[in-house]
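Survey of secondary and tertiary structure
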Amino acid sequence: MQTRIQELRKTKDVTQSELADAVNVTRQTIISLEGGRYHASLILAHKLAQFFEVAIEEIFIFDQEDENLC
Amino acid sequence: MLGLFCSSKANNNEEYRKVIRIRMNRMILILIVGVITLVFALMAIYVWKITGKDQTLGVYMGLGSGLIFGAGCFLIKYNLILKNEEKLKIDRLNNTDERIQEISNKSYKIATMILLVGLYAVGLIGGIFYPVLQQVLLFLICLFLLGYMVSYKIYERRM
């Protein structure tokens, strides 16, 4: 699964710390999410989608085969 | 690093304040257990005049003072956190962050596996020299597995 968090964050001109504060996680979690090392829970994904005012699918790009979605 | 049994679901500082107060109460309980252990060891030495159990009583005294010291440190730490909004927020995030909680859960699994293997090995090898060790450690493994099964069944009904 890939994410567009970094891209959306830069578009909105928000730092990792500001985003972390907004969605109630640590900055390290944002770094891990952006690096693809950690997969967000549904609640966190929802909070991120609300923050960026987009749909969850626009932030998280699911790999059909890897996530067994075919 | 998230401490053992420290994860929380508090959404804001006010909710987390309550969590901290509950933890402080637990620390007071641990402090009391420490005092009881220490007093018990001291009474065994000076009142009941028990002799020939120096090592055991030394362990009790160490345990008691360790619990008092540890609980005291945590009480001071929690007091400082409660007085400072910024520290409270940082501590809340460290305790509620889902990634940190997942890391903690994975660490629990590995630590449990190491503990079980360790208990089994000590029970098996140590049992040759001290048969009671074998019985105690294998009983502990059974107790762990039983505890797991019971809690699994309880959560299975709730979720």
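First, a word on scope: everything that follows refers to the structure included in this document. (Residues numbered from 1 in each chain as written. Chains lettered and ligands numbered in written order. Predicted model: local features only at pLDDT ≥ 70, side-chain atom pairs only at ≥ 80, totals over all residues. Heavy atoms only, no water.)

**A look at the overall build of chain B**
Counting its regular elements, chain B contains five helices and zero strands. Listing every helix and strand of chain B by position from the N terminus yields α-α-α-α-α. For a compact globule of 159 residues, the expected C-alpha radius of gyration is about 15 Å, and chain B comes in at 20 Å, more than 25% above that figure. C-alpha atoms of chain B, sized along the principal axes, occupy 55 × 45 × 25 Å. Taking all 159 residues of chain B together, the buried fraction comes to 26%. Put simply, 60% of the contacts in chain B that link residues at least 6 apart link residues at least 24 apart. Total accessible area on chain B is roughly 11700 Å²; 71% of this is exposed by carbon and sulfur atoms. Averaging the positions of the 19 positive and the 10 negative side-chain charges in chain B gives two centres separated by 6 Å. (Helix = DSSP H or I, 4+ residues; strand = E, 2+ residues; numbered from the N terminus. Rg over C-alpha atoms; globule rule 2.2 N^0.38 Å. Buried < 20%, exposed > 50% of the residue type's maximum accessible area, 1.4 Å probe, protein only. Contact = heavy atoms within 4.5 Å. Areas by Shrake-Rupley, 256 points an atom, 1.4 Å probe, with all protein chains shown as cover. Lys, Arg positive; Asp, Glu negative; His and termini not counted. Charge placed at Lys NZ, Arg CZ, Asp CG, Glu CD.)

**A word on the nonpolar core**
Counting residues in each nonpolar core, the largest one holds 18 residues, and the members touching the most others are Ile 5, Leu 19, Leu 33, Leu 48 and Ile 59 of chain A. If you list the elements that add at least two residues to this core, you get α1 (5-11), α2 (16-22), α3 (27-35) and α4 (42-52) of chain A. The element contributing the most residues to this core is α4 of chain A, with five residues. Excluding anything up to four places from it in sequence, Leu 33 of chain A contacts Thr 3, Ile 5, Tyr 38, His 39, Ala 40, Leu 44 and Leu 48 of chain A. The next biggest cluster of nonpolar side chains, apart from the first, holds 12 residues, and it includes Tyr 16, Val 19, Tyr 78 and Leu 88 of chain B. (Core = buried A, V, L, I, M, F, W, Y, C linked by side-chain atoms within 4.5 Å.)

**Here's the deal with the interface of chain A and chain B**
Facing the 12 residues of chain A at the interface are 10 residues of chain B. For the pairing of chain A and chain B, the buried interface totals around 900 Å² over both sides, and the portion due to carbon and sulfur atoms is 42%. For the chain A face of the interface with chain B, the top three residues by lost area are Asn 24, Thr 26 and Tyr 38 of chain A, together amounting to 54%. The interface formed by chain A and chain B contains one salt bridge. Asp 21 of chain A is paired through a salt bridge with Lys 89 of chain B; the nearest N and O atoms lie 3.1 Å apart. (Buried area = accessible area lost by both parts, 1.4 Å probe. Salt bridge = Lys/Arg side-chain N within 4 Å of Asp/Glu carboxyl O.)

**What to know about the pattern of salt bridges**
All names here are of chain B. Using the criterion set out here, one finds seven salt bridges over all chains in the structure. For the salt bridge of Glu 85 with Arg 17, the shortest nitrogen-to-oxygen distance reads 2.0 Å. Of this pair, Glu 85 sits in helix α3 (residues 85-96) while Arg 17 is found in helix α1 (residues 13-46), placing the two residues 68 residues apart along the sequence. Judged by its relative accessible area of 11%, Arg 17 falls in the buried class. Connected through shared salt-bridge partners, Glu 14, Arg 17 and Glu 85 make up one network.

**Quick look at the packing of aromatic side chains**
Residues and elements named next belong to chain B. In this structure the tally under the stated criterion is five aromatic pairs over all chains. Relative to Trp 48, the ring of Phe 40 has its centre 5.7 Å away and its plane inclined at 65°; by these criteria the two rings are edge-to-face. The exposure class of Phe 40 is partly exposed, given its relative accessible area of 42%. Clustering of aromatic rings is evident, with ring pairs tying together Phe 40, Trp 48 and Tyr 60. The residue whose ring lies beneath Arg 158 is Tyr 155, and the NZ or CZ to ring-centre distance is 5.9 Å. (Phe/Tyr/Trp six-rings, centres within 6.5 Å; stacked < 30°, edge-to-face > 60°. Lys NZ or Arg CZ within 6 Å of the ring centre and 35° of its normal.)

**Topic: α3 of chain A**
Residues Thr 29, Ile 30, Ser 32, Leu 33 and Glu 34 of chain A constitute the buried set of α3 of chain A. The inward-facing, buried residues of α3 of chain A contact β1 (2-3), α1, α2 and α4 of chain A together with α4 (98-129) of chain B.

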